[in-house]
Amino acid sequence: MNVAIIKYNAGNIYSVDYALKRLGVTATVTSDPTLLRQADKVIFPGVGEAGTTMQHLRETGLDLLIPSLKQPVLGICLGMQLLCNHSEEGNVDCLGIFDTEVKQFIAQRHEDKIPHMGWNTISDLKSELFTAEQLDKFVYFVHSYYVPVNAHTVATTDYIQPFSAALCKDNFYATQFHPEKSGSVGEAILSNFLKL
Amino acid sequence: MLAKRIIPCLDIKDGKTVKGVNFVNFRDAGDPIELGTQYSELGADELVYLDITASHEGRKTFTEVVKRVAANISIPFTVGGGINELKDVDRLLNAGADKVSINSSALRNPKLIEEIAQNFGTQVCVVAIDANLENGAWNCYLNGGRVPTERTLFEWAKEAQERGAGEILFTSMTHDGVKTGYANDALASLADLLHIPIIASGGAGAKEHFKDTFTLGKADAALAASVFHFGEINISELKQYLFEQQINIRL
């Protein structure tokens, strides 16, 4: 299978590559539009800041390429947030696949620490990205911004309030958590994506 | 609900795992990747790898260890030791680390915290603090607990948070290696003072100590080394115990 990982200025792209290797898949890490269009699956990972990353995507033309992809695309963490309409982080317009906003977590009590960092459970699973096996299982999150529950939500997690742990629309899939860092549960989700 | 985290810490010298008792007298405890994989399979939530080699050669060896960890282990890990400038952070993140932990270099140059936060995000920057209780004051130390400073735990932790630390890893030198429990009074005061996660370190000797640091100490995560390395506490049994004690834990 031909899997491409979108290369851009965000950090920790290689941990997705390593996770795929553990599943026996060798991916191409690239920003080449032809290679991205030809891939059977595309992964859009990312750790970073939305404003500067969107600027980078615009400068490289990836802002037009990514929404035009027809094969299954998986956005991870910042990758998921950038597939939404707009982010409060850097107050920036994003790629507009998912018709929803990205908001900043606001603590309601002193104990609400931000970023939401660590292992939390996923519920209300509604996509072929998941099987019943993953219901209420723990996955790894690190984020200060979140996507509210909306029409595209296919998994929810509760932190301060329920938010979107995963989104899906047409060929676009996305997780707020890091499947590549979520042990065997994460590996199962990545392998579900590869089977789409 | 967000789970409390159990974090084994592996001290690495010349590519191998070691652990000090009260920061001296090292004993060998095995291969870092094998040990990390084992911990991950037993249910460790994160790993910390500390490079305790000071030499340039040692640093290259450590970077290779970091690459092997990233390739083989599917849970997050933090690396620390010998991080003095942004390019060290860049090298370790590129090798596949998820977070970096800075200690002496942050005390010497607090601006490093801001630089890491601005360039890589606050979630990447763990500020480790070694402090010892002396006449009622928690005094901070440099160089693995060998060099005293003018700084004290609470004001330094607060400053670190303000500068952009994503987490505080507080090691009580008073409790480290003694195995009578974590510094829960100081940890609870830290939790009341800060709004970022706190990792308790130093003093674990029994399963109850982990429960106490999550309840009395209000810690978000608990780090330990020798009790895990020498098999005194099995991580899987520890997590089962904590679950039965109604601590929110990932099983």
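Residues numbered from 1 in each chain as written. Chains lettered and ligands numbered in written order. Predicted model: local features only at pLDDT ≥ 70, side-chain atom pairs only at ≥ 80, totals over all residues. Heavy atoms only, no water.

J.: I tried to follow the nonpolar core on my own but got confused; where do I start?
T.: Across soluble globular proteins, nonpolar side chains show a tendency to be buried alongside one another. One finds Tyr49, Val127, Ile168, Phe170, Phe210 and Phe228 of chain B to be the most contacted residues of the largest nonpolar core, which totals 78 residues. In terms of residues, this core owes the most to one element, helix α2 (residues 56-72) of chain B, which gives 5 residues. Leave out the neighbours within four places in its chain, and Ile168 of chain B touches Val127, Ile129, Ala157, Ala160, Leu194, Ile196, Pro197, Ile198 and Ile199 of chain B. Among the nonpolar cores identified, the runner-up in size contains 64 residues, and Met54, Leu65, Ile66 and Val102 of chain A belong to it. (Core = buried A, V, L, I, M, F, W, Y, C linked by side-chain atoms within 4.5 Å. Buried < 20%, exposed > 50% of the residue type's maximum accessible area, 1.4 Å probe, protein only. Helix = DSSP H or I, 4+ residues; strand = E, 2+ residues; numbered from the N terminus. Contact = heavy atoms within 4.5 Å.)

J.: How should I be thinking about the packing of aromatic side chains in this particular structure?
T.: Geometry of an aromatic ring pair is reported as the spacing of the ring centres plus the angle between the planes. Residues and elements named next belong to chain A. Per the stated rule, a full pass over the model turns up 14 aromatic pairs over all chains. Seen in terms of ring centroids, Tyr146 and Phe163 are 6.5 Å apart; in terms of plane orientation they differ by 65 degrees. Their pairing is edge-to-face. On the criterion of sequence distance, the pair formed by Tyr146 in strand β10 (residues 145-146) and Phe163 in strand β12 (residues 161-169) is long-range, its members being 17 residues apart. The same class applies to Tyr146 as to Phe163, namely buried. (Phe/Tyr/Trp six-rings, centres within 6.5 Å; stacked < 30°, edge-to-face > 60°.)

J.: It is not clear to me how helix α8 (residues 207-215) of chain B should be interpreted in this structure. Could you clarify?
T.: For an α-helix, the turn length of 3.6 residues means that residues three or four places apart are oriented alike. Residue and element names in this part refer to chain B. Considered for burial, the residues of α8 that qualify are His209, Phe210, Thr213 and Phe214. The arc that holds the buried residues of α8, viewed along the axis, is 130 degrees, so those residues lie on one side. Here the buried face of α8 lies against β1 (5-13), α7 (184-193), β11 (198-201), β12 (221-224), α9 (226-229) and α10 (235-244). (Arc of directions from axis to C-beta.)

J.: Even after reading the chapter, I still don't get the interface of chain B and chain A, so can you show me in this structure?
T.: How big an interface is tends to be expressed through the accessible area that disappears when the partners come together. Taken together, the contact between chain B and chain A spans 35 residues of the former and 23 residues of the latter. Between chain B and chain A lies a buried interface of about 2,400 Å² when both sides are counted; carbon and sulfur atoms form 55% of it. For the pair chain B and chain A, the interface holds 2 salt bridges. Lys181 of chain A is paired through a salt bridge with Asp98 of chain B; the nearest N and O atoms lie 2.9 Å apart. Where chain B touches chain A, the interface holds 13 residue pairs in polar contact (both at pLDDT 80 or more). Each residue belonging to the side of chain B that touches chain A can be placed in one class, and the counts come to 19 nonpolar, 6 polar and 10 charged. (Buried area = accessible area lost by both parts, 1.4 Å probe. Salt bridge = Lys/Arg side-chain N within 4 Å of Asp/Glu carboxyl O. Polar contact = N/O pair within 3.5 Å; in protein donor to acceptor, adjacent residues only side chain to side chain. Nonpolar A, V, L, I, M, F, W, Y, C, P; charged D, E, K, R; others polar.)

J.: So what exactly am I meant to see when it comes to helix α1 (residues 32-42) of chain B here?
T.: Residue and element names in this part refer to chain B. Listed in full, the buried residues belonging to α1 are Pro32, Ile33, Leu35, Gly36, Tyr39 and Ser40. The arc that holds the buried residues of α1, viewed along the axis, is 160 degrees, so those residues lie on one side. In α1, the exposed positions that point more than 90 degrees away from the buried face belong to Glu34 and Glu41. Gly43 sits one or two positions beyond α1 and adopts a positive phi of about 115 degrees.

J.: What exactly am I supposed to notice about the packing of helix α5 (residues 111-120) of chain B against helix α6 (residues 153-163) of chain B here?
T.: To characterise two packed helices, one gives the angle between the axes of the helices and the distance between these axes. All names here are of chain B. At a minimum axis distance of 8 Å, the contact between α5 and α6 shows a crossing angle of 35 degrees. For the crossing formed where α5 meets α6, the hand is right-handed. On α6, the residues touching Lys111, Ile113, Glu114 and Ala117 of α5 are Trp156, Ala160 and Arg163. (Axes fitted to C-alpha atoms, helices over the stretch in contact; angles between N-to-C directions. Left-handed = near helix turned anticlockwise from the far one by under 90°.)

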